[in-house]
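Commentary on secondary and tertiary structure
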Amino acid sequence: MRRFFLSIRFILLLITVFLLVGFIYQITKVNALRKELKEKKEYLTELRGVKRKSKKIEREIEKYKLKEEEVLRKIPKGKESILLLVRELASIADAMMIKNITFEMTPEKKAESEESPIMRKRSRPANKKEATGPIKPHDFKVSFNAGYKETVEFIKRVINLERVVSVKNLEIERKDEILPLQKVTLTLTTYTLREDTAEE
């Protein structure tokens, strides 16, 4: 009988030890799960922060794209855009009934490598550097016959173009054969982005 009670006690002790080990294992497992859950929550919070930042960055990128488009409308890429400007000026003149309009492109200055060393020394001082920024100016002349009011209105329309165009020089010549009109010659400067800058 004593043996029976000892064996029951031993069995109860074993069951208690197993339950205790199981309980400790469950607590450890729960703590590990809590830790993992906490890490996942932190990661999720971090992801939400990154998502908010990425949305902010996307909005900034969109804003810069719009600004770039606006700049490109004012200072377009490539020489071909000058022909579009000439067409636009011709259509303005046509709408204003301005007659005998002509366009003359001013030849570009030769690159330093194309000039002879003697001409280089004469044309610019040795310490003065030539501008090599991303924006390249282009001069051209517009000649037409018009009265004073038409000339002023034409210049206003040129200045109000979306594209950047500046009036560099204005010559008004009175000729007997075209009176009451005058011979007007405008030297205009427009700008384009250099080809190598446009590719970047």
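This section reports on the structure supplied with the text. (Residues numbered from 1 in each chain as written. Predicted model: local features only at pLDDT ≥ 70, side-chain atom pairs only at ≥ 80, totals over all residues. Heavy atoms only, no water.)

The pairing of strand S1 (residues 99-105) with strand S2 (residues 135-146) spans five bridges and is antiparallel. When the bridges of S2 are listed, threonine 102 appears paired with serine 143. (Pairing = 2+ DSSP bridges. Helix = DSSP H or I, 4+ residues; strand = E, 2+ residues; numbered from the N terminus.)

This part takes up the sheet that holds S2. Backbone-to-backbone hydrogen bonds pair the strands of a sheet. The strands run either parallel or antiparallel. The antiparallel open sheet is built from four strands, whose spatial order is S1-S2-S4-S3. The open sheet has two edge strands, S1 and strand S3 (165-173), and neither has a second partner. Here the average twist between neighbouring strands, direction ignored, is 20°. Summarising the sheet, S2 and strand S4 (residues 182-193) pair through twelve bridges and their orientation is antiparallel. By the bridge assignment for S4, phenylalanine 140 is matched with leucine 188. The strands touched by helix H4 (residues 148-159) within the sheet are S1, S2, S3 and S4, with S2 carrying the most contacts at an inclination of about 160°. (Axes fitted to C-alpha atoms, helices over the stretch in contact; angles between N-to-C directions. Contact = heavy atoms within 4.5 Å.)

The next subject is unusual backbone geometry. With an omega of 10°, the peptide bond running from leucine 179 to proline 180 counts as cis. Topologically, proline 180 is positioned in the loop between S3 and S4. Notably, methionine 97 is not glycine yet its phi reads approximately 65°, a positive angle. For methionine 97, the position within the fold is in the loop between helix H2 (80-95) and S1.

A few words on a negative patch on the surface. A contiguous patch of negative charge, built from Glu171, Glu173, Asp176 and Glu177, is present on the exposed surface. Its relative accessible area of 43% is what places glutamate 173 among the partly exposed residues. (Patch = residues over 30% accessible without salt bridge, like charges linked within 9 Å, V, L, I, M, F, W, Y side chains within 5 Å. Areas by Shrake-Rupley, 256 points an atom, 1.4 Å probe, with all protein chains shown as cover. Salt bridge = Lys/Arg side-chain N within 4 Å of Asp/Glu carboxyl O. Lys, Arg positive; Asp, Glu negative; His and termini not counted. Charge placed at Lys NZ, Arg CZ, Asp CG, Glu CD. Buried < 20%, exposed > 50% of the residue type's maximum accessible area, 1.4 Å probe, protein only.)

Moving on to a nonpolar patch on the surface. Judged by side-chain polarity, Phe4, Phe5, Ile8, Phe10, Ile11, Leu12, Leu14, Ile15, Phe18 and Leu19 come together as a nonpolar surface patch covering roughly 1000 Å² of accessible area. By secondary structure assignment, the location of isoleucine 8 is in helix H1 (residues 2-74).

On to the packing of H2 against H4. Here H2 crosses H4 at 145°, and the two axes come no closer than 11 Å. Seen from above, H2 lies across H4 with right-handed handedness. Within the contact between the two elements, H2 uses Leu89, Ile92, Ala93 and Ala95 and H4 uses Phe154, Arg157 and Val158. In terms of residue class, the contact of H2 with H4 is made up of six nonpolar, no polar and one charged. (Left-handed = near helix turned anticlockwise from the far one by under 90°. Nonpolar A, V, L, I, M, F, W, Y, C, P; charged D, E, K, R; others polar.)

Turning our attention to a positive patch on the surface. There is a patch of like positive charges on the surface, built from Lys51, Lys55, Lys56 and Arg59. Along the chain, the position of lysine 55 falls in helix H1.

Per the stated rule, a full pass over the model turns up six salt bridges. Of the charged contacts in the structure, one is a salt bridge between lysine 74 and glutamate 70, with a shortest N-O distance of 3.6 Å. Here the residue lysine 74 and the residue glutamate 70 both occupy positions in helix H1, the gap between them amounting to four residues, near one helical turn. Lysine 168 is the salt-bridge partner of aspartate 139, the closest N and O atoms lying 2.6 Å from each other. Taken together, the positions of aspartate 139 in strand S2 and lysine 168 in strand S3 put the pair 29 residues apart, joining distant regions of the chain. Among the residues examined, aspartate 139 registers a relative accessible area of 19% and is labelled buried.

In this model, H2 (16 residues) spans 23 Å end to end at C-alpha, consistent with the 22 Å of a helix rising 1.5 Å per residue. Among all positions in H2, only Ser81, Ile82, Leu85, Val86, Leu89, Ile92 and Ala93 are buried. Around the axis of H2, the buried residues are gathered within 150° of arc, so they sit on the same side. For H2, exposure combined with an orientation more than 90 degrees from the buried face picks out Glu80, Leu83, Leu84, Arg87, Asp94 and Ala95. Phi turns positive one or two residues past the end of H2, at methionine 97, with a value near 65°. (Expected span 1.5 Å × (residues − 1). Arc of directions from axis to C-beta.)

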